[in-house]
Amino acid sequence: RGYLDMEKRSTLYKITILSIIFIGATLRLRGLNFQSLWMDEIHVLAYSSRSTWQAAFGPGGICCTYEGAFYHSLYSIIGNSDFSARMVSAFAGILLILITAEIGREIHSESTGMVSSAFIAVSYSGIYFSQEARHYIITTMILWGIFLLLIRGPDRLPKWAPNICLVALCFP
């Protein structure tokens, strides 16, 4: 039993989830750079634009600890425009739709997974936080992803999952 064993899902589930993900992706990517960055987003962008990832940690206050280092590494690859800064959260929000569907399917049924993913795909908060250049939706995606791994049980976990879970929980 693999942890990504798609053969066990019905065709209706697969098509519905792909449709919901497409709708959610459209809502998250539409108008991603419509507004200019907010002050807190600029603050993160400023820290993440420092010369090293260690300097991107900032002063260790309430902002920009691991977030600055994470974005520093990412922005060195994708650039740091308004669009690319918010794109990271948008992709995390899109992935959260799939994770939510799988949690619903694991806990109850495929129809529960479809309904729960539809709710997160069109929810105002889900879309709003997916369009911010902050860590909120990324942290939510990581925590729900860990929850999904844990409810699947140890016999269905990949060998690397406990290590990843431990690292993710150390840097929330």
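Every chain begins its residue count from 1, and numbering advances along the sequence as written. Since the coordinates come from a predicted model, pLDDT governs what is reported: local features require at least 70, and pairs of side-chain atoms require 80 or more to be given and counted, while whole-chain, interface and lining totals use all residues. Calculation of side-chain values draws on the structure's entire complement of heavy atoms; hydrogens and water are dropped beforehand.

How do you make sense of the overall build of the chain when you look at a structure like this?
Scanning the chain for helices and strands turns up eight helices and zero strands. Starting at the N terminus, the α and β elements of the chain follow one another as α-α-α-α-α-α-α-α. Across the 172 residues in the chain, those meeting the buried criterion constitute 40%. Contacts are assigned to residue pairs with any non-hydrogen atoms lying within 4.5 Å of each other. Taking all contacts inside the chain whose residues are at least 6 apart in sequence as the whole, residues at least 24 apart take part in 69%. Here, Shrake-Rupley sampling with a 1.4 Å probe gives the accessible areas, and only protein chains in the shown set may cover a residue. Per element, the accessible surface of the chain, about 9800 Å² overall, is 71% carbon and sulfur. Labels follow the DSSP assignment, with helices taken as runs of H or I lasting at least four residues and strands as runs of E lasting at least two, numbered in each case from the N terminus. Burial classification: accessible surface area is computed with a 1.4 Å probe over protein chains only, and a residue below 20% of its type maximum counts as buried, one above 50% as exposed, and the rest as partly exposed.

Explain the pattern of salt bridges here, please?
Opposite charge on two side chains makes pairing possible when the charged atoms of those side chains draw close. Each salt bridge in this description consists of a side-chain nitrogen of Lys or Arg and a carboxyl oxygen of Asp or Glu lying within 4 Å of one another. Under the counting rule described, the total for this entry stands at two salt bridges. Where arginine 105 meets glutamate 102, a salt bridge forms, and the shortest distance between an N and an O atom there is 3.2 Å. In this pair, arginine 105 and glutamate 102 both sit in helix H4 (residues 82-107), three residues apart, roughly one turn of the helix. Residues arginine 105 and glutamate 102 agree in their burial class; the two are buried. Note that arginine 105 and glutamate 106 form a salt bridge whose closest N and O atoms lie 3.1 Å from each other. Arginine 105 sits in the buried class, given a relative accessible area of 14%. Given the relative accessible area of 22%, glutamate 106 is considered partly exposed.

Can you walk me through helix H1 (residues 11-29) in this structure?
It helps to recall that an α-helix has 3.6 residues per turn; residues three or four apart then point in one direction. The span expected for a helix works out to 1.5 Å for each residue beyond the first. For H1, which comprises 19 residues, the first-to-last C-alpha distance of 27 Å matches the rise-based estimate of 27 Å (1.5 Å per residue) to within 8%. Those residues of H1 that fall on the buried side of the exposure criterion are Tyr13, Ile17, Ile20, Ile21, Gly24, Ala25 and Arg28. An end-on view of H1 places all buried positions within 140° of arc, on one side of the element. Structural note: H1 exposes Thr11, Leu12, Ile15, Leu18 and Phe22 on the side pointing more than 90 degrees away from its buried face. Count one or two residues on from H1 and you reach glycine 31, which has phi positive near 70°. Our arc is simply the arc of the directions from the helix axis toward the C-beta atoms.

Got a minute to help me understand the packing of aromatic side chains in this structure?
Aromatic rings considered in pairs are described by the distance between their centres and by the relative angle of their planes. Between the rings of Phe, Tyr and Trp (Trp by its six-membered ring), a pair exists once the centres lie within 6.5 Å; its type follows the angle of the planes, with under 30 degrees stacked, over 60 edge-to-face, and the other angles tilted. Applying the stated criterion across every chain, the model contains four aromatic pairs. The interplanar angle of 75° and the centroid separation of 5.5 Å between the aromatic rings of phenylalanine 129 and tyrosine 136 together place this pair among those described as edge-to-face. Accessibility expressed as a relative area gives 30% for phenylalanine 129, which makes it partly exposed. Among the aromatic side chains, those forming a connected cluster through ring pairs are Tyr124, Tyr128, Phe129 and Tyr136.

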